[in-house]
Amino acid sequence: MSDAKRKVSNPLALAVLVLLYERPMHPYEMAATLREWRKQESIKLRYGSLYTVIELLLKAAFISEKRTSREGNRPERTVYEITASGETEMRGWMREILSTPTKEYPQFEAGLSLLPAVPPDEAIDLLETRVEFLKKDIDEIQTGLGQAKSMNLPALFSIESEYRLAGLETELAFVAKLIARIEKDGCGFLKEWKAWHAQKTPRRKKS
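First things first, this report covers the structure right here in the doc. (Residues numbered from 1 in each chain as written. Predicted model: local features only at pLDDT ≥ 70, side-chain atom pairs only at ≥ 80, totals over all residues. Heavy atoms only, no water.)

### Regarding the packing of aromatic side chains
Now for step 1: Inspection of every chain in the model, using the stated rule, returns zero aromatic pairs.
Now for step 2: The cationic tip of R130 hangs over the ring face of F108; the distance from NZ or CZ to the ring centre is 3.6 Å. (Phe/Tyr/Trp six-rings, centres within 6.5 Å; stacked < 30°, edge-to-face > 60°. Lys NZ or Arg CZ within 6 Å of the ring centre and 35° of its normal.)

As structure tokens, this is what we get:
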């Protein structure tokens, strides 16, 4: 079953199912666990979205309320557990994600497809700025992986960081090479690229 046909397709919902497959939890514990595991770097996590996802999973009968408890003056907390159909959904969803590539539409790819819209010199400046951001992100991930290793955390639990690092390193190499290609001959279109922008007259703003 593809994401488009799933009753709930938000990746955060899959994370909730995996958490509840481990053990019953209340929403605050779910969010705290995801943050402790640093999964918010791979899955967008907001309390509002979390509660919306929980309601959708309840409606789909993938999870159910196990009990409601109150500690001191704190508000009541509902503990949820995964259902048999929820476990089936979680396993099928994981199999699909891990086995089947899907077409995604990253913003950078969209920007590259429209690259001629900015002059060559500006394109180089912008890409050089991106290089600096990429280097910073790579350094941060490498630091995080180093910390995980020093804590003797099995690599399996930070494998998504290794994947993200590999992607960033590949992108960094691509962008650096692209800058050199634009500087050399505009990827085979430098003269026409410059001429096209030279003849463009800036539009005046209406008063």
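### What to know about the environment of P116
Now for step 1: Tracing the chain through its elements places P116 in the loop between α5 (107–113) and α6 (120–150).
Now for step 2: Sequence separation between P116 and T100 is 16 residues, and the spatial gap between their C-alpha atoms is 33 Å. (Helix = DSSP H or I, 4+ residues; strand = E, 2+ residues; numbered from the N terminus.)

### Notes on unusual backbone geometry
Excluding glycine, a negative phi dihedral is what most residues carry, and trans is how most peptide bonds are arranged.
Now for step 1: In this structure, R38 is a non-glycine residue whose phi angle is positive, near 60°.
Now for step 2: Along the chain, R38 falls in the loop between α2 (27–36) and α3 (47–59).
Now for step 3: Even without being a glycine, N152 presents a positive backbone phi close to 60°.
Now for step 4: With respect to the element layout, N152 can be found in the loop between α6 and α7 (159–185).
Now for step 5: According to the relative accessible area criterion, N152 is exposed, its value standing at 67%. (Buried < 20%, exposed > 50% of the residue type's maximum accessible area, 1.4 Å probe, protein only.)

### Observations concerning the pattern of salt bridges
A pair can form between side chains of opposite charge whenever their charged atoms are brought close.
Now for step 1: Following the criterion strictly, the structure yields 11 salt bridges and no others.
Now for step 2: Residue K39 is joined to E160 by a salt bridge in which the shortest nitrogen-to-oxygen separation is 2.9 Å. Pair noted here: K39 is in the loop between α2 and α3 and E160 is in helix α7, with a separation of 121 residues, a long-range link. For the pair shown, K39 and E160 are each scored as buried.
Now for step 3: One salt bridge connects K103 with E109, and the closest N-O pair in it is separated by 2.9 Å.
Now for step 4: Here E109 falls in the partly exposed class, since its relative accessible area comes to 40%.
Now for step 5: Each of R6, E89 and E96 takes part in salt bridges that share partners, so that together they form one network. (Salt bridge = Lys/Arg side-chain N within 4 Å of Asp/Glu carboxyl O.)

### Quick notes on a nonpolar patch on the surface
Now for step 1: Where nonpolar side chains cluster on the molecular surface, the patch consists of M151, L153, L156 and F157 and spans about 470 Å² of accessible area.
Now for step 2: Inspection of the secondary structure assignment puts F157 in the loop between α6 and α7. (Patch = residues over 30% accessible without salt bridge, like charges linked within 9 Å, V, L, I, M, F, W, Y side chains within 5 Å. Areas by Shrake-Rupley, 256 points an atom, 1.4 Å probe, with all protein chains shown as cover.)

### What to know about a negative patch on the surface
Now for step 1: On the surface, D121, E122, D125, E128, E132 and E183 cluster together into a patch of negative charge.
Now for step 2: Sort the elements by how many residues they give to the negative patch and α6 lands first, with five residues.
Now for step 3: By the element assignment, E122 lies in helix α6.
Now for step 4: Residue classification places E122 among the partly exposed positions, given a relative accessible area of 38%. (Lys, Arg positive; Asp, Glu negative; His and termini not counted. Charge placed at Lys NZ, Arg CZ, Asp CG, Glu CD.)

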